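A closer look at the structure
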Amino acid sequence: MSDSSTWDALPQRLPDWFRDAPLGIFIHWGAYSVPAWAEPTAELGAIADDLGWFAHNPYAEWYFNTIRIEGSPAAEHHREVHGNAPYDDFLDQWEPTNFDPSAWADLFRRAGADYVIPTTKHHDGITLWDAPGTGDRNTVRRGPRQDLVGAIAEATKEAGLRFGVYYSGGLDWHVRPTEPLESGKDVSDLKRPRDDEYGKYCSAHMRDIIDRYQPDVFWNDIGWPDENFHFDEGGLGELLEYFYDQRPEGLINDRFSGAHQDFVTTEYQAGEIPEDQPWENNRGIGLSFGYNQVEDETQYMSGPRAIRHVVDAVSKDGRVMLNVGPRADGTLPELQVKTLEAVGEFMAEHKAHLAGSRGLGEQEIPGRRGPAPWRTTGSAMCSSAARRAR
């Protein structure tokens, strides 16, 4: 890694638009939306021993990995339903015939969201735009035959919302194939790419995204290759300098292997809420981010539950990025729409009280001597709003 003072010289931002945003929308859409299958087990963080998590992964977007774990239910499903077909067949079968990005953006706006972040490249390595160096393995050259990132970006901005991008810098099972990932240590250490060449490949992608779509959030995932932690041409440091220079109100998350961050993320039940730092909880409306055809109302958050989740995060000086997983044809599952519409009804009345909520510090309770032994970290309006959501 380059000298720490070089990294410290990068901006650290909390723009007003993000600080005042109680809700964002995540979108996980990819070739994995064609098989649309995962075992609906439990929320991330609810299973203490992650050795069983990967073989029984509830994330449909991890299908490419889970089907390669011998004996997993996903592997059995893939063999029985798809005849062990190559994963890339799903890219060619992906036909988003009912994709209406303007309708999506209108729903997200009505739900009270302030920003929208779609996946541009997930761990399967398939890009949703004509990314440099990908050949024909992207949605412009195959499958959808569309620049899906560009369509979502345009519709999002036309709806008056901020646009950001998710990018998997830490894993790419096509460009840097590995044996199946079966533990958290595999992901964080043993089987992730570290080389500078792969880092430059990722950096070129993100520069192209910045130039094409002007995102205000660079939401990276699973870290970044260690040998690319430098400020020379194609390095992560140079990329972040470029992002901050091009996007004056842009910010990044905390998933760059500790290099730099503007806000902290938690995922479902995993991760710790930080002290005195901006943070965001991200989760699906169900157990999966990508669409999972076997999930039903028993796995999905109801409207009131989603509302309470947002209010609780805001009361702790955070925000929520709630994920939708479209079907392969571009339609949003009805239960996801129902939840967002309920959230929207609540936000239409109460968003003004949630936006920009700040921690209140130590509070004195009448009848007590001295301050209360806990800190309240949101406005009183958050508590009353949560009661009304029950």
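On a predicted model such as this, the values are computed, not experimentally measured, just so you know. (Residues numbered from 1 in each chain as written. Predicted model: local features only at pLDDT ≥ 70, side-chain atom pairs only at ≥ 80, totals over all residues. Heavy atoms only, no water.)

Digging into helix 10 (residues 236-246)
- The buried fraction of helix 10 is high, at eight of 11 residues.
- Three or more residues of helix 10 are buried, namely Leu236, Gly237, Glu238, Leu239, Leu240, Tyr242, Phe243 and Tyr244.
- Considering only its buried residues, helix 10 is in contact with helix 1 (4-8), helix 9 (196-213), strand 4 (217-221) and strand 5 (251-252). (Buried < 20%, exposed > 50% of the residue type's maximum accessible area, 1.4 Å probe, protein only. Helix = DSSP H or I, 4+ residues; strand = E, 2+ residues; numbered from the N terminus. Contact = heavy atoms within 4.5 Å.)

A look at helix 4 (residues 73-82)
- The set of residues buried in helix 4 consists of Ala74, Ala75, His77 and His78. One side of helix 4 holds all its buried residues, which, seen down the axis, span an arc of 160 degrees.
- The inward-facing, buried residues of helix 4 abut helix 3 (63-66) and helix 5 (89-93).
- With its phi angle positive at about 60 degrees, Gly83 sits one or two positions after the end of helix 4. (Arc of directions from axis to C-beta.)

A few points about the sheet that holds strand 3 (residues 162-168)
- Reading across the sheet, the eight strands line up as 5-4-3-2-1-8-7-6 and stay open at both edges, with parallel pairing between neighbours. Whereas interior strands pair on both sides, the edge strands pair on one side only; in this sheet they are strand 5 and strand 6 (264-267).
- Of the pairings in the sheet, the one linking strand 3 to strand 4 comprises five bridges and is parallel in character. Bridge pairing in strand 4 places Tyr167 opposite Asn220. (Pairing = 2+ DSSP bridges.)

A closer look at the layout of surface pockets
- In this structure, the largest pocket occupies an estimated 690 Å³ of space.
- For the largest pocket, the lining is made up of 33 residues, of which Leu44, Val187, Ile222, Arg255 and Glu267 are closest to its centre.
- At the level of elements, helix 8 (184-190), strand 4 and strand 6 are the ones that each hand at least two residues to the lining of the largest pocket. (1 Å grid on protein atoms, 1.4 Å probe; cavity = no way out; pocket = protein on both sides within 12 Å on 5 of 7 lines; lining within 4 Å. Points joined across faces, edges and corners; volume = space filled by probe spheres on them.)

Overview of the packing of aromatic side chains
- Overall, the coordinates contain 30 aromatic pairs when judged by the stated rule.
- Ring centres of Trp7 and Phe229 lie 5.9 Å apart, and the angle between their planes is 50 degrees; on these two criteria the pair is classed as tilted. In this pair, Trp7 sits in helix 1 while Phe229 sits in the loop between strand 4 and helix 10, placing the two residues 222 residues apart along the sequence. The residues Trp7 and Phe229 share a single accessibility class, namely buried.
- The interplanar angle of 70 degrees and the centroid separation of 6.0 Å between the aromatic rings of Tyr63 and Phe90 together place this pair among those described as edge-to-face. Taken together, the residues Tyr63 in helix 3 and Phe90 in helix 5 connect sequence positions 27 residues apart. The same class applies to Tyr63 as to Phe90, namely buried. (Phe/Tyr/Trp six-rings, centres within 6.5 Å; stacked < 30°, edge-to-face > 60°.)

Here's the deal with the packing of helix 9 against helix 10
- One way to put it is that helix 9 packs onto helix 10 with a least axis distance of 10 Å and a crossing angle of 5 degrees. With respect to each other, helix 9 and helix 10 are oriented roughly parallel. Facing Ser203, Met206, Arg207, Ile210 and Asp211 of helix 9, the residues of helix 10 in contact are Glu238, Leu239, Tyr242, Phe243 and Gln246. (Axes fitted to C-alpha atoms, helices over the stretch in contact; angles between N-to-C directions. Parallel < 35°, antiparallel > 145°, perpendicular 65-115°, else oblique.)

Some points on the pairing of strand 7 (residues 279-284)
- For strand 7, a buried count of six out of six residues is recorded, marking the element as mostly surrounded by other parts of the structure.
- Bridge count for strand 6 against strand 7 is four bridges, and the pairing is parallel. Residue pairing across strands places Glu267 opposite Asn282, the latter belonging to strand 7.
- Note: strand 7 against strand 8 (residues 318-324), six bridges, orientation parallel. If you follow Asn281 over to strand 8, its bridge partner there is Val320.
- Viewed along the sheet, the connection from strand 7 through helix 11 (residues 303-315) into strand 8 turns out right-handed. (Right-handed = clockwise from strand over helix to strand, strands pointing away.)

Overview of unusual backbone geometry
- The backbone of Ser257 sits at a positive phi, close to 55 degrees, despite the residue not being glycine.
- Looking at the secondary structure, you find Ser257 in the loop between strand 5 and strand 6.

Observations concerning the confidence of the model for the protein chain
- Confidence in the prediction of the protein chain, expressed as mean pLDDT, is 91, and 90% of residues score 70 or more.
- Across residues 359-390 the pLDDT falls below 50, and counting only partners more than four positions away or on other chains, this stretch makes 52 contacts in the model. (pLDDT = per-residue confidence, 0-100.)

Notes on the packing of helix 11 against helix 12 (residues 334-354)
- Close contact between helix 11 and helix 12 brings their axes to 8 Å; oriented N to C, the two are set at 30 degrees. When the axes of helix 11 and helix 12 are compared, the crossing they make is right-handed. Counting all contacts with helix 11, which are made through Gly303, Ala306, Ile307, Val311 and Val314, the residues of helix 12 involved are Thr339, Ala342, Val343, Phe346 and Leu354.
- Looking at the contact of helix 11 with helix 12 residue by residue, the classes come out as eight nonpolar, two polar and no charged. (Left-handed = near helix turned anticlockwise from the far one by under 90°. Nonpolar A, V, L, I, M, F, W, Y, C, P; charged D, E, K, R; others polar.)

A look at the environment of Arg162
- Looking at where Arg162 falls in the secondary structure, it is placed in strand 3.
- Sequence separation between Arg162 and Val217 is 55 residues; the distance between their C-alpha atoms is 8.5 Å.

Looking at the nonpolar core
- Counting 103 residues, the largest nonpolar core has Ile27, Phe108, Phe218, Trp224, Leu236, Leu240 and Leu340 as its most contacted members.
- Counting residues per element, this core draws most heavily on helix 9, which supplies seven residues.
- The residues touching Leu340, leaving out its near neighbours within four places in the chain, are Ile25, Leu107, Phe108, Ala111, Ile285, Leu322 and Val324. (Core = buried A, V, L, I, M, F, W, Y, C linked by side-chain atoms within 4.5 Å.)

Some remarks on the pattern of salt bridges
- The tally for this structure, following the rule as stated, stands at 28 salt bridges.
- Among the salt bridges present, the one from Glu334 reaches Arg327, with a minimum N-O distance of 2.7 Å.
- Note on Glu334: relative accessible area 55%, which makes it exposed.
- A network of salt bridges, in which partner residues are shared, links Arg162, Asp216, Arg247 and Glu249. (Salt bridge = Lys/Arg side-chain N within 4 Å of Asp/Glu carboxyl O.)

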